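# Architecture at a glance
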Amino acid sequence: MSQYKIIFTGPVGAGKTTAINSISDVPPVKTDAVASDMTKSRKSATTVAMDYGVMNLDGGEKIHLYGTPGQERFDFMWDILTTGGIGLVLLLDNSRLDPFQDMKFFLDSFDSFIGQTSVAIGVTQMDLNNKPTIDDYHIQLQGYRIKPAVFSVDAREKNDVSLLVQALLYSIDPGIESE
Ligand SMILES: Nc1nc2c(ncn2[C@@H]2O[C@H](COP(=O)(O)OP(=O)(O)O)[C@@H](O)[C@H]2O)c(=O)[nH]1
Ligand SMILES: [Mg+2]
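To start, this report covers the structure provided alongside it. No experiment lies behind these values; they were computed from the predicted model shown.

### Things to note about the overall build of the protein chain
When helices and strands are counted, the protein chain shows 6 helices and 7 strands. Secondary structure elements of the protein chain occur, N-terminal to C-terminal, as β-α-β-β-β-α-β-α-α-β-α-β-α. The contacts in the protein chain between residues at least 6 apart in sequence include a share of 70% that link residues at least 24 apart. Taken as a whole, the protein chain presents about 8,900 Å² of accessible surface, with 50% of it coming from carbon and sulfur.

### Points about the pairing of strand 7 (residues 149-152)
By the bridge criterion, 4 bridges tie strand 6 (residues 119-124) to strand 7 in an arrangement that is parallel. Following the sheet pairing, Gly 122 is matched in strand 7 by Phe 151. Chirality of the crossover, the property in question, places the unit of strand 6, helix 5 (residues 134-141) and strand 7 among those that are right-handed.

### Some details on the pattern of salt bridges
Tallied over the full model, the rule gives 5 salt bridges. In this structure, the salt-bridge partner of Asp 102 is Arg 96, at a minimum N-O distance of 2.8 Å. Classification of Arg 96 by relative accessible area gives partly exposed; the value is 32%. For Asp 108, the salt bridge is made with Lys 104, and the minimal N-O distance between the two is 2.6 Å. One end of the pair, Asp 108, and the other, Lys 104, are both in helix 3 (residues 99-109), 4 residues apart, so they sit about a helical turn from each other. Looking at Lys 104, the relative accessible area reads 39%, which means it is partly exposed.

### Digging into the packing of aromatic side chains
Tallied over the full model, the rule gives 6 aromatic pairs. Both rings, one in Trp 78 and one in Phe 106, keep their centres 5.6 Å apart while their planes meet at 35°; by these two values the pair is tilted. One end of the pair, Trp 78, is in helix 2 (residues 78-82); the other, Phe 106, is in helix 3, and 28 residues separate them in sequence. Here Trp 78 falls in the buried class, since its relative accessible area comes to 5%. Geometrically, the ring pair formed by Phe 105 and Phe 106 is edge-to-face, given 5.0 Å between the ring centres and 90° between the ring planes. For Phe 105, a relative accessible area of 26% puts it in the partly exposed group. With a relative accessible area of 3%, Phe 106 lands in the buried category. Among the aromatic residues, those joined into a ring-pair cluster are Trp 78, Phe 105, Phe 106 and Phe 110. The lysine or arginine in question, Lys 5, covers the ring of Tyr 66, its NZ or CZ lying 4.8 Å from the ring centre.

### Here we look at the side chain of Thr 82
Position of Thr 82 relative to the elements: it lies in helix 2. Look at Thr 82 and you get buried, because its relative accessible area is 9%. Of note is the side chain of Thr 82, whose polar atom sits 3.2 Å from the backbone oxygen of Asp 79. Not counting the four nearest positions on each side in its chain, Thr 82 is found in contact with Lys 5, Ile 7, Phe 110 and Phe 113.

Criteria and cut-off values
Residues numbered from 1 in each chain as written. Chains lettered and ligands numbered in written order. Predicted model: local features only at pLDDT ≥ 70, side-chain atom pairs only at ≥ 80, totals over all residues. Heavy atoms only, no water. Helix = DSSP H or I, 4+ residues; strand = E, 2+ residues; numbered from the N terminus. Contact = heavy atoms within 4.5 Å. Areas by Shrake-Rupley, 256 points an atom, 1.4 Å probe, with all protein chains shown as cover. Pairing = 2+ DSSP bridges. Right-handed = clockwise from strand over helix to strand, strands pointing away. Salt bridge = Lys/Arg side-chain N within 4 Å of Asp/Glu carboxyl O. Buried < 20%, exposed > 50% of the residue type's maximum accessible area, 1.4 Å probe, protein only. Phe/Tyr/Trp six-rings, centres within 6.5 Å; stacked < 30°, edge-to-face > 60°. Lys NZ or Arg CZ within 6 Å of the ring centre and 35° of its normal. Polar contact = N/O pair within 3.5 Å; in protein donor to acceptor, adjacent residues only side chain to side chain.

Following this line, the structure appears as structure tokens:
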């Protein structure tokens, strides 16, 4: 059986834990702890270590899903978490102050991993903030050498997250999803 690993990243509150929860076919492992810093105002719990889940594809493949901790003070873990990964899902919270700055930060931080693999971008909270638009993201991405898929995603919706993951898998290997 084929086993693959993909990594979810993005700022605190972007929906990583929720997204993995939405698509995992096994009960996800959440290592949430009570936040002790500035994330407290936003959420009562935040991920300090990582999230983990598994998605079973129709072709029998297993996709292992790992979520990075969002806080920058855990960025030492990012290298460990990406080892062996085949692609990155970057979730961006459209209601944050400067989601383009967030996008730049994460694309830069994962630059070498993305260079060897692939990335797909999901923009969450568009129901709360409809600007910038997906077109605006595409325009912003013209300054980068990569051409990722960019979808509007509600991390609570299994279908939204599943489509994003499938777009990522397709960009890596158009055959991976075939039944
Ligand atoms: N309104 C709205 N809420 C969302 C959306 N996506 C995720 N959320 C909520 O955003 C909050 C933060 O999500 P969480 O998964 O904890 O973010 P994480 O820090 O990236 O793991 C949760 O309450 C989610 O239910 C979205 O598209 N719209
Ligand atoms: Mg989380």
